[in-house]
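So the chains spell out like this:
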Amino acid sequence: MSNSNNNSRVIVSLDFPDGKQALDLCQKLDPASCKLKIGKELFTREGPALVEKLISSDFDIFLDLKYHDIPNTVASACRAAADLGVWMLNVHASGGRVMMEAANEALDKTTHKPLLIAVTVLTSMSQEDLTELGINKPVEEQVMMLANLAKSSGLNGVVCSAKEASSLKAELGKEFCLVTPGIRPANSSSDDQKRIMTPAEAIDAGSHYLVIGRPITKADDPLAALESINASIN
Ligand code: C5P
């Protein structure tokens, strides 16, 4: 799908406090067998230089900065991310239709359009948290409503739990890209994740891409851990 260098469905989450640790890990990985996710901590510390360095090493980058601001600001930020050459980026669907359409239109003008996906409801939010924000719908309904809004605003997909993947796929179709964290290979530690699925279960449920951190980044042999996950879904 899109401007990817490879057909790997595993996105390794670079949850490191600095670039050195991230680069040490990336040197052990193969850009043909995975993609990488860079989030707010690493990006804020290392900036675009790290993104460019990894792209020049042939890695596909998902820039997970979850933009949420006025339409003009988000559109400009998306354009800047696309100019870095990222493969995927994201915005909060709760920024609304006009914001998402502006982001999508800004990316339409780029030569290598990245995939643009939305965050619906953060999985850290409880029903009580939503109520406190004045949102009285059940979480699942709110997720579905925001995913529909993202699709009708022209976005390529959403980040979601693999547990939501089958219902989202049924509602939004198999082309709508589902990016799912909370993945744990059989027999690996669940760490702080509460609702997990194995890579194969998540793919069967309709996930297109699996965001996987610690089962790879903390493995004694990260490349072997990655290859074993790839083998389990191929
Ligand atoms: O190490 P682990 O595989 O649990 O890492 C999962 C990654 O996905 C982390 O970067 C985490 O912040 C992110 N994530 C998540 N659950 C969400 C959204 C993002 O675990 N709902």
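Refer to the structure presented above.
Bear in mind that the values here come from a model prediction, so they are computed numbers and not experimental data.

Cut-offs used in this document
Residues numbered from 1 in each chain as written. Predicted model: local features only at pLDDT ≥ 70, side-chain atom pairs only at ≥ 80, totals over all residues. Heavy atoms only, no water. Helix = DSSP H or I, 4+ residues; strand = E, 2+ residues; numbered from the N terminus. Expected span 1.5 Å × (residues − 1). Buried < 20%, exposed > 50% of the residue type's maximum accessible area, 1.4 Å probe, protein only. Arc of directions from axis to C-beta. Contact = heavy atoms within 4.5 Å. Near = heavy atom within 4 Å. Polar contact = N/O pair within 3.5 Å; in protein donor to acceptor, adjacent residues only side chain to side chain. Areas by Shrake-Rupley, 256 points an atom, 1.4 Å probe, with all protein chains shown as cover. Phe/Tyr/Trp six-rings, centres within 6.5 Å; stacked < 30°, edge-to-face > 60°. Lys NZ or Arg CZ within 6 Å of the ring centre and 35° of its normal. Salt bridge = Lys/Arg side-chain N within 4 Å of Asp/Glu carboxyl O.

Enquirer: Just give me the short version of helix α11 (residues 222-233), but keep the residues and values in it.
Expert: Between the first and last C-alpha of α11 there are 17 Å, a value that for 12 residues agrees with the 16 Å anticipated at 1.5 Å per step. When we look at burial in α11, the residues that qualify are P222, A225, L226, I229, N230 and I233. Angularly, the buried residues of α11 cover 135° about the axis, an arc narrow enough to put them on a single face. Packed against the buried residues of α11 are β1 (10-13), α1 (19-28), α9 (199-205), β8 (209-212) and α10 (214-217).

Enquirer: A description of the site of the ligand should follow, citing residues and the corresponding values.
Expert: Surveying the vicinity of the ligand reveals the residues S13, D15, K37, T123, P181, R184, Q193, V211, I212, G213, R214 and P215. Contacts to the ligand include D15, whose side-chain N or O atom sits 2.8 Å from an oxygen atom. Within the contact set of the ligand, an oxygen atom lies 2.8 Å away from a side-chain nitrogen or oxygen of R184. Within the complex, 77% of the 470 Å² of free accessible area of the ligand lies under protein.

Enquirer: Describe the packing of aromatic side chains, listing the residues and the values that go with them.
Expert: The tally for this structure, following the rule as stated, stands at one aromatic pair. Here W87 and Y209 contribute two aromatic rings whose centre-to-centre distance is 5.0 Å and whose plane-to-plane angle is 85°, an arrangement assigned as edge-to-face. Taken together, the residues span a long stretch of sequence, with W87 in the loop between α4 (71-84) and β4 (88-92) and Y209 in strand β8 at a distance of 122 residues. Both residues of the pair, W87 and Y209, count as buried. One Lys or Arg, K35, reaches over the ring of W87 and ends 4.7 Å from the middle of that ring.

Enquirer: Let's hear about the pattern of salt bridges: which residues, and what values?
Expert: Per the stated rule, a full pass over the model turns up 11 salt bridges. In this structure, K20 and D24 form a salt bridge, with 2.8 Å as the shortest nitrogen-oxygen distance. With a gap of four residues between them, K20 and D24 both fall in helix α1, about one helical turn apart. Between R214 and D191 there is a salt bridge, with the nearest N and O atoms lying 3.8 Å from each other. With a gap of 23 residues between them, R214 in helix α10 and D191 in the loop between β7 (177-180) and α9 connect regions that are remote in the sequence. Judged by its relative accessible area of 30%, R214 falls in the partly exposed class. One salt-bridge network, in which partners are shared between bridges, spans R184, D191, D192 and R214.

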